[in-house]
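Chain by chain, the residues:
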Amino acid sequence: ATVEVTEAYWVSRITAIAKDEDKVAFADVFRHFAPRVKGFLIKSGADDSLAEECMQDVMATLWQKAHMYDPARASVATWIFTIARNRKIDLIRKYARPEPEDLPWGPEAEPDQADVMALQQDSARLADAIRQLPEKQRRLIERAYFGDLTHSEIAAETGLPLGTIKSRIRLALERLRHAMS
Amino acid sequence: MIDVTHTVPDSLLMGYATGALPEAFDVVISTHVSLSDDARARLASFEAVGGAVLEDMDKADVAEDSLEKTLAMIGAAPPREAQPMPKDGVFPAPLRAIVGGDSDSVKWRNVARGAKQSVLQSNSEASVRLLHIPAGQAMPEHSHRGMELTLVLQGGYSSEDGHFVRGDLEVADQETHHTPVADDDGEDCICLVATDARLKFQGLLPRIAQPFIGI
Ligand SMILES: [Zn+2]
Ligand SMILES: [Zn+2]
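Remember, it's a predicted structure, so these values are computed and weren't measured experimentally. (Residues numbered from 1 in each chain as written. Chains lettered and ligands numbered in written order. Predicted model: local features only at pLDDT ≥ 70, side-chain atom pairs only at ≥ 80, totals over all residues. Heavy atoms only, no water.)

Q: Would you mind showing me how to read the overall build of chain B here?
A: Looking only at helices and strands, chain B has six helices and 11 strands in total. For chain B, the proportion of its 215 residues judged to be buried stands at 53%. Within chain B, residue pairs in contact and separated by at least 24 positions form 66% of the contacts whose partners lie at least 6 positions apart. Carbon and sulfur atoms form 49% of the exposed surface of chain B, whose accessible area is close to 9400 Å². (Helix = DSSP H or I, 4+ residues; strand = E, 2+ residues; numbered from the N terminus. Buried < 20%, exposed > 50% of the residue type's maximum accessible area, 1.4 Å probe, protein only. Contact = heavy atoms within 4.5 Å. Areas by Shrake-Rupley, 256 points an atom, 1.4 Å probe, with all protein chains shown as cover.)

Below you can see the structure in the form of structure tokens.
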């Protein structure tokens, strides 16, 4: 249960940044995630100074995009991962990575609290399942996310326990579409 | 939302999630995901794995003035706004950003038999282009040396692999020899096509046309 409580806490911090431009909340998020983002960038092949610069950029982007974060569709760690991955690719390629269209939600389409809690539980379950994978398979997954595997090597990579979280996200998307239309 | 029947395989979504695809493929996948809630949900599930990897990362030491510097960056920049698709648009946001507008902003070049194309990006790894095929018109039969992704944005076409309409993605590879034919329903077909190697055309005339088409 502690994992869900922690996730709810991070969601509340992102909300405080979005709604109140709360710098204390940001410092909290920074202390937890900045060293992990930097570690991720170093594992992805960046040297210390590039990883530091890129990490600061990722954390600044988090502040600027906080009002677009949807806790019914992604955990805070997942959302930060996507920002870090995109920024990493921008730096390697020197131009902006194409990203799917945003699905914005205004005050009339606040995420459903039941969806948010269910997504948090599924995210925690997925993380546990990945931790319990055989060492060899877990390492392979990590390498894929650090950018160490080519696209064709990834094609052979299966067996990820994704079913539940996929249907959860699908449901949240349907509700969001309904609220927007 | 369109009910997309032909969609992207998991291996390509994981490639997009991890950042392993050539940029030309990223253009097609991000545009397809903009049109398909199923692809968006599956992509988000692969990104959730990335979130779990990030959460379990060994922490690196950050610079002493790291937080201060980041707050200074934040003070200098305005918040970024989401840009939803205009209700009547043909191109989803990622494609509009590359073209610099919707389908009426494309700088088309005539290729063959009334077909037009616009190359968006091309490098040694892969290329991506927009194709405009008049209603009822066939593309030359061709096979593929690598992978080809075709995403329908307007109209539709049929090939040996089925019928494809807006939002549908066809994945062709070395085994595929197909002759896509645009639907003959009065609406021209616009597709976004990425290839990771030059195509092989069957027959003499198309082979002559190939350098012009550039695919
Ligand atoms: Zn069909
Ligand atoms: Zn083809």
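Q: I'm lost on the packing of helix α2 (residues 23–43) of chain A against helix α3 (residues 48–65) of chain A in this one. Help?
A: Axes are the key here: two packed helices are described by the angle between their axes and the distance separating the axes. All names here are of chain A. Where α2 meets α3, the closest approach of the two axes is 9 Å, and the angle between their N-to-C directions is 140°. Classified by the interaxial angle, the pair formed by α2 and α3 is oblique. Taken as a pair, α2 and α3 cross one another with a handedness that is right-handed. Counting all contacts with α2, which are made through K23, F26, V29, F30, F33, A34, V37, K38, L41 and I42, the residues of α3 involved are D48, A51, E52, C54, M55, V58, M59, L62 and W63. Class assignment of the residues belonging to the contact of α2 with α3 gives a composition of 15 nonpolar, no polar and four charged. (Axes fitted to C-alpha atoms, helices over the stretch in contact; angles between N-to-C directions. Parallel < 35°, antiparallel > 145°, perpendicular 65-115°, else oblique. Left-handed = near helix turned anticlockwise from the far one by under 90°. Nonpolar A, V, L, I, M, F, W, Y, C, P; charged D, E, K, R; others polar.)

Q: Would you take a moment to explain the environment of T15 of chain A for this structure?
A: Turning to its location among the elements, T15 of chain A is positioned in helix α1 (residues 2–20). Its relative accessible area of 35% is what places T15 of chain A among the partly exposed residues.

Q: Just checking my understanding: could you explain the confidence of the model for chain A for this structure?
A: Low pLDDT means the predicted coordinates in that region are not meant to be read closely. Model confidence for chain A is summarised by a mean pLDDT of 88, while 91% of its residues fall at 70 or above. When pLDDT is averaged over each helix and strand of chain A, the minimum, 74, is found for helix α7 (residues 151–155) of chain A and the maximum, 97, for α2 of chain A. (pLDDT = per-residue confidence, 0-100.)

Q: Mind showing me how you'd approach the nonpolar core here?
A: A general feature of soluble globular proteins is that nonpolar side chains tend to end up buried together. In terms of nonpolar packing, the biggest core is built from 91 residues, with L62 and I80 of chain A together with L153 of chain B touching the most fellow members. It is helix α3 (residues 37–55) of chain B that provides the largest number of residues to this core, a total of 10 residues. No fewer than three residues from each of domain 1 (10–76) and domain 2 (93–213) of chain B sit in this core. Core analysis: the second largest hydrophobic core is formed by 11 residues, A115, I133, M139 and C191 of chain B among them. (Core = buried A, V, L, I, M, F, W, Y, C linked by side-chain atoms within 4.5 Å. Domains from an automatic or database assignment.)

Q: Hey, could you run me through the sheet that holds strand β6 (residues 156–159) of chain B in this one?
A: In a beta sheet, neighbouring strands are held together by backbone hydrogen bonds and run either parallel or antiparallel to one another. All names here are of chain B. Read from one edge to the other, the open sheet built from three strands follows the order β7-β6-β9, with strand pairing classed as antiparallel. At either margin of the open sheet sits one strand with a lone partner, and together these are β7 (162–165) and β9 (181–182). Two elements, β6 and β9, share two bridges in a ladder whose sense is antiparallel. Note that in β9 the partner of S158 across the bridge is V181. (Pairing = 2+ DSSP bridges.)

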